[in-house]
Amino acid sequence: MASLYRKEIRSLKGVGERRAELFQKLGVSSVGALLRDYPRAYEDLSSPCTVRSAPAGAPCAVRACVTESPKGTRIRGGMTLYRGRADDGESEFSLLFFNNPYVADLLREGHEYVFYGKVTADFLKYEMTSPEFFPAETCPAVKPVYHQTQGLNSRLIAGCMKEALLLLPENLLDPLPPSVREEYSLCGLREAMEQIHFPVSLAAAETARRRLIFEELLVLQLGLSLMKDRGTGESGFRLEDDRSEEFFRLLPYSLTKAQRRAVGEAITDMSSGRVMNRLVQGDVGSGKTAVAAALCYCAAKNGMQAALMAPTEILARQHYEALRKIFEPAGIPTALLTASVSTAQKVETLAGLADGSIGLVVGTHALLSRNVTFRRLGLVVTDEQHRFGVSQRAALSEKGDHPHLLVMSATPIPRTLALMIYGDLDLSVLDELPPGRQKIRTYAIASDKRLRAFGFLRKQIEAGHQCYIICPMIEEGQNDMASVTQYAEKLRSKWLPGCSIAALHGRMKPKEKDSVMRHFASGEVSVLVSTTVVEVGVDVPNATVMMVENAERYGLSQLHQLRGRVGRGKDQSYCILVSDAQNEETTARLGVLCATNDGFRIADADLKLRGPGDFFGNRQHGLPALKIADMAADMDCLNLAQKAARDILSADPSLDLPEHRGLRAETRQLFSHLERS
Ligand code: ADP
Ligand code: MG
């Protein structure tokens, strides 16, 4: 296969410059990539029915003899209708085609064909409109259906696929070694390739599919394992002195049981001499930051440095401001490192990290740059874990001598999947919110109720609270989507005159963003009109209203995150979802939010509504996109692939053996996107 990944798609017969570009649109640039572009569905032509027994509303295959070849008549709009007749041995039925003069020649009287399409019935008169058809003698049993794009339909793709299959080398290297194929009863690569594209039966396609799913998940698992440098499992830093109780006393509140348990579990890990690899999973507002802070504090008090990485500048700054207030008086120098801190500041911070005088650094991706070095990095924390890619996680750890690793995420994921993404990871769950939190009341409204909503906002502001309003656009676009800048303007002049309003979006300079957030956090600004830059992590407990314009544009989990910006204090909070979208899917989605505050249930519903492919899309966890496997649906296969990966790696830790050459090549291929980005 490796050589076919290097063979350009243009080398196929019938693929010129233009088609090559269209293939590019489908993400296919080489012959190898084409072969890995599997059908999205199949048409089963193997057991035709009669029009009388055809299922209602679903396409099916009908075998019939043409009794009248189609003839054209002009109809309105300059169209020509071709009408013919056929007999399936039980009933006669009509065949209708529009503007297709060729059918007259292709469908010959007295010949048998297999027609594929929907059968419609009307007073016992049966019809098939624009069916596909194949001469009965040469009709395949199963026809593949490919994802197509304008100008490149499934039939054309199938044609190219036939060509591509001919290019499979005689001595094709199967990435799966014979021993693995035998153990898991999997067919060979050549058979899989032929049968996934042009199966002799649906069962054969399924056999091929199973093997290809297994291979893909195995390659994914191997790639992830190779990328993680777990070393010997020994950490350069063993925590001797548990100072967490001392830290808890510095906080204005007492920790929840769940928070204490998570801290305790991590302390045990860090004292063991082995590297900690722990995921803290807790719904929005469950207090993950305090857990991270306690551990950073302990690391620093034990003479080590800690690094806390957040996905956005706003969040990094917020963590920095909050932690500095506790850490500095306690004698732990704390610094912020993001792309926008001044050069002078950066130079000072880099020096402090290199000589070990800075105990805690909070930052964004900027922490990963090459000139950041640590004297003794003992603990790495990543907040909102799912926003980072696999390789980014590894990059920060590599700046120390096997530092302990704590990752935090609000996105609940199934345990097996967590294992796959994060490797051999221990889990702490924050299954409890801090006391006194009230359920956020959530309402979905149409835009004609907006003025009433503003009346409600005003009352909240007069009671001393603050509000967020989320708009999808920064500036007014062509469509009627709400824009941050204009919306803020209207609030000032018309809707909420006299209230202090500020706008925030990703295109503002970091300094401006920072100043807006500061004014909002301090309460000087009452209404923050923002894009989703505030989606994760932002913590202003005095804010009690989250209003989301064009709510139909966001996924469930995203809306849940946005809603999580309020209800972070003792006061009753509200979420108002504004949408004029009438479709069922939106109504269902917004309905789920109105009905529950539970992040786990929302993720579950999200999974059902969007389908696993999308839910586990790249953005959630930074894994490469999979071609055939579906990590949620193919969970059994995932477990088997994980076992196979462990066996393979324990015998051959870096895939050097000749029989693993193919697996190694496929691993590179799968992760090539990640390395480039
Ligand atoms: P998340 O888990 O979403 O990151 P945060 O760590 O930002 O949540 O905490 C949410 C809010 O709850 C913050 O204002 C924080 O100060 C507060 N908080 C955290 N733990 C407690 C606690 N045990 N008691 C009261 N308030 C808490
Ligand atoms: Mg957080």
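Every chain's residues receive numbers from 1 upward, in the order its sequence appears when written. Chains carry letters and ligands carry numbers; both start at the beginning, A for chains and 1 for ligands, and go up in the order they are written. Per-residue local features are limited, in this predicted model, to residues with pLDDT of at least 70; the limit for side-chain atom pairs, both in listing and counting, is 80 or more; totals at the level of whole chains, interfaces and linings are taken over all residues. By convention in this description, side-chain values take in all heavy atoms of the structure and omit both hydrogens and water.

### Some words on the overall build of the protein chain
Then comes step 1: Along the backbone of the protein chain there are 25 helices and 22 strands.
Then comes step 2: Projected onto its principal axes, the C-alpha positions of the protein chain cover 95 × 70 × 45 Å.
Then comes step 3: It only takes one pair of heavy atoms within 4.5 Å for two residues to be counted as in contact. Look at the contacts in the protein chain between residues 6 or more apart in sequence, and 73% of them connect residues 24 or more apart.
Then comes step 4: Residue-level accessible areas treat just the shown protein chains as cover; the underlying method is Shrake-Rupley with a 1.4 Å probe. Just so you have it, the protein chain exposes about 31000 Å², and 50% of that area is on carbon and sulfur atoms.
Then comes step 5: The protein chain carries 83 positive and 81 negative side-chain charges, and their two centres are separated by 4 Å. Put simply, DSSP marks the helices as runs of H or I at least four residues long and the strands as runs of E at least two long, and each gets a number from the N terminus on. For the purpose of counting charges, residues Lys and Arg are taken to be positive, whereas Asp and Glu are taken to be negative. His and the chain ends are not included. Every charge is mapped onto a representative atom, which is NZ of Lys, CZ of Arg, CG of Asp or CD of Glu.

### Looking at helix α10 (residues 257–271)
Then comes step 1: With 15 residues, α10 should reach 21 Å at 1.5 Å per residue; the first-to-last C-alpha distance of 21 Å fits that figure.
Then comes step 2: Burial classes: relative accessible area under 20% of the type maximum marks a residue as buried, over 50% as exposed, and values in between as partly exposed (1.4 Å probe, protein chains only). Burial in α10 covers these residues: A258, Q259, A262, V263, A266, I267, D269 and M270.
Then comes step 3: Just beyond α10, the residue with positive phi is G273, at close to 90 degrees. In a helix, the anticipated span is given by 1.5 Å times the number of residues less one.

### Notes on the sheet that holds strand β19 (residues 501–504)
Then comes step 1: Here the rule is simple: two strands pair whenever DSSP picks up at least two bridges between them. Pairing is parallel across the open sheet formed by 6 strands, whose spatial order is β17-β22-β21-β18-β20-β19. Both outer strands of the open sheet, β17 (441–445) and β19, are each paired with one neighbouring strand and no more. This sheet shows a mean twist of 15 degrees between the axes of neighbouring strands, independent of strand direction.
Then comes step 2: As judged from the 4 bridges shared by strand β18 (residues 466–470) and strand β20 (residues 527–530), these two strands associate in the parallel manner. Looking at the pairing, C467 lines up with V527 of β20.
Then comes step 3: The sheet contacts of helix α20 (residues 584–595) involve β17 and β22 (574–578), and relative to β17 the element is tilted by about 155 degrees. Angles run from 0 to 180 degrees between N-to-C directions of axes, and those axes are lines fitted to C-alpha atoms, restricted for helices to the stretch in contact.

### Let's talk about the sheet that holds strand β14 (residues 377–382)
Then comes step 1: Read across the open sheet, the 7 strands follow the order β12-β13-β11-β14-β15-β10-β16; overall the sheet is parallel. The open sheet has two free edges, formed respectively by β12 (334–337) and β16 (426–430), since each of these has just one partner strand. Averaged over all adjacent pairs, the angle separating strand axes in this sheet is 20 degrees, with direction ignored.
Then comes step 2: Examined bridge by bridge, strand β11 (residues 305–309) and strand β13 (residues 360–363) share 4 bridges and lie parallel to one another. Paired with A306 across the bridge in β13 is L360.
Then comes step 3: Across the sheet, α10 touches β10 (277–282), β14, β15 (404–409) and β16, and the angle it forms with β16 is around 160 degrees.

### Description of the pattern of salt bridges
Then comes step 1: A carboxyl oxygen of Asp or Glu within 4 Å of a side-chain nitrogen of Lys or Arg is what we treat as a salt bridge. This structure, assessed with the given rule, holds 32 salt bridges.
Then comes step 2: Between K143 and E43 there is a salt bridge, with the nearest N and O atoms lying 3.6 Å from each other. Highlighted residues: K143 in strand β9 (residues 142–145) and E43 in strand β1 (residues 41–44), separated in sequence by 100 residues.
Then comes step 3: Judged by relative accessible area, which is 14%, K143 ranks as buried.
Then comes step 4: Accessibility expressed as a relative area gives 11% for E43, which makes it buried.
Then comes step 5: Salt-bridge contacts for D539 lead to R568; the nearest nitrogen and oxygen are separated by 2.5 Å.

### As for the packing of α10 against helix α11 (residues 288–301)
Then comes step 1: Two numbers describe how α10 lies on α11: the axes approach to 9 Å, and their chain directions differ by 35 degrees. Viewed along their axes, α10 and α11 form a crossing whose handedness is right-handed. Every residue of α11 that contacts α10 at Q259, A262, V263, A266, I267 and M270 is listed here: A290, V291, A294, L295 and C298.
Then comes step 2: Charged residues are taken to be Asp, Glu, Lys and Arg, nonpolar residues to be Ala, Val, Leu, Ile, Met, Phe, Trp, Tyr, Cys and Pro, and polar residues to be all remaining types, Gly included. Looking at the contact of α10 with α11 residue by residue, the classes come out as 10 nonpolar, 1 polar and no charged. When the near helix sits turned anticlockwise from the far one by under a right angle, the crossing is termed left-handed; a clockwise turn instead gives a right-handed crossing.

### Digging into the site of ligand 1
Then comes step 1: We call a residue near a given molecule or strand whenever any one of its heavy atoms falls within 4 Å of it. Not every one of the 17 residues close to ligand 1 is listed here, only the nearest: G285, T289, R437, D539 and R568.
Then comes step 2: With respect to ligand 1, the side chain of K288 contributes an N or O atom lying 2.9 Å from an oxygen atom.
Then comes step 3: Polar contacts, as counted here, are pairs of nitrogen or oxygen atoms within 3.5 Å of one another; within protein the pair requires one atom able to donate a hydrogen and one able to accept it, and residues that are adjacent in sequence qualify only if both atoms are side-chain atoms. The separation between an oxygen atom of ligand 1 and a polar side-chain atom of T289 is 2.6 Å.
Then comes step 4: Contact with the protein chains hides 87% of the accessible area of ligand 1, taken as 570 Å² for the molecule alone.
Then comes step 5: In terms of residue class, the shell around ligand 1 is made up of 5 nonpolar, 7 polar and 5 charged.

### Some points on the environment of G523
Then comes step 1: Checked against the element boundaries, G523 lands in the loop between α18 (510–521) and β20.
Then comes step 2: For G523, a relative accessible area of 34% corresponds to the partly exposed category.
Then comes step 3: Sequence separation between G523 and N542 is 19 residues, and the spatial gap between their C-alpha atoms is 7.9 Å.

### Concerning the nonpolar core
Then comes step 1: Take the buried Ala, Val, Leu, Ile, Met, Phe, Trp, Tyr and Cys residues and link them wherever side-chain atoms come within 4.5 Å; each set so joined is a nonpolar core. Counting 65 residues, the largest nonpolar core has F247, L295, F327, L379 and V381 as its most contacted members.
Then comes step 2: With 11 residues, the single largest contributor to this core is α11.
Then comes step 3: Setting aside its immediate chain neighbours within four residues, L379 contacts M270, M276, L295, C296, A299, Q305, A306, A307, P403 and H404.
Then comes step 4: Among the nonpolar cores identified, the runner-up in size contains 58 residues, and L22, A33, L165 and L638 belong to it.

### Things to note about the confidence of the model for the protein chain
Then comes step 1: On average, residues of the protein chain carry a pLDDT of 88, and 91% of them reach 70 or more.
Then comes step 2: Every residue in residues 612–620 is under pLDDT 50, and counting partners more than four places away or in other chains gives 26 contacts. pLDDT expresses, on a scale from 0 to 100, how confident the predictor is about each individual residue.

### With respect to the packing of helix α12 (residues 313–327) against α18
Then comes step 1: Here α12 crosses α18 at 50 degrees, and the two axes come no closer than 11 Å. Taken together, the axis directions place α12 and α18 in an arrangement best described as oblique. Considering only the axes of α12 and α18, their crossing is right-handed. Here E313, I314, R317 and E321 of α12 lie close against α18, whose contacting residues are P510, K513, D514, M517 and R518.
Then comes step 2: Looking at the contact of α12 with α18 residue by residue, the classes come out as 3 nonpolar, no polar and 6 charged. Any angle from 65 to 115 degrees is called roughly perpendicular, while one under 35 is roughly parallel, one over 145 is roughly antiparallel, and all others are oblique.

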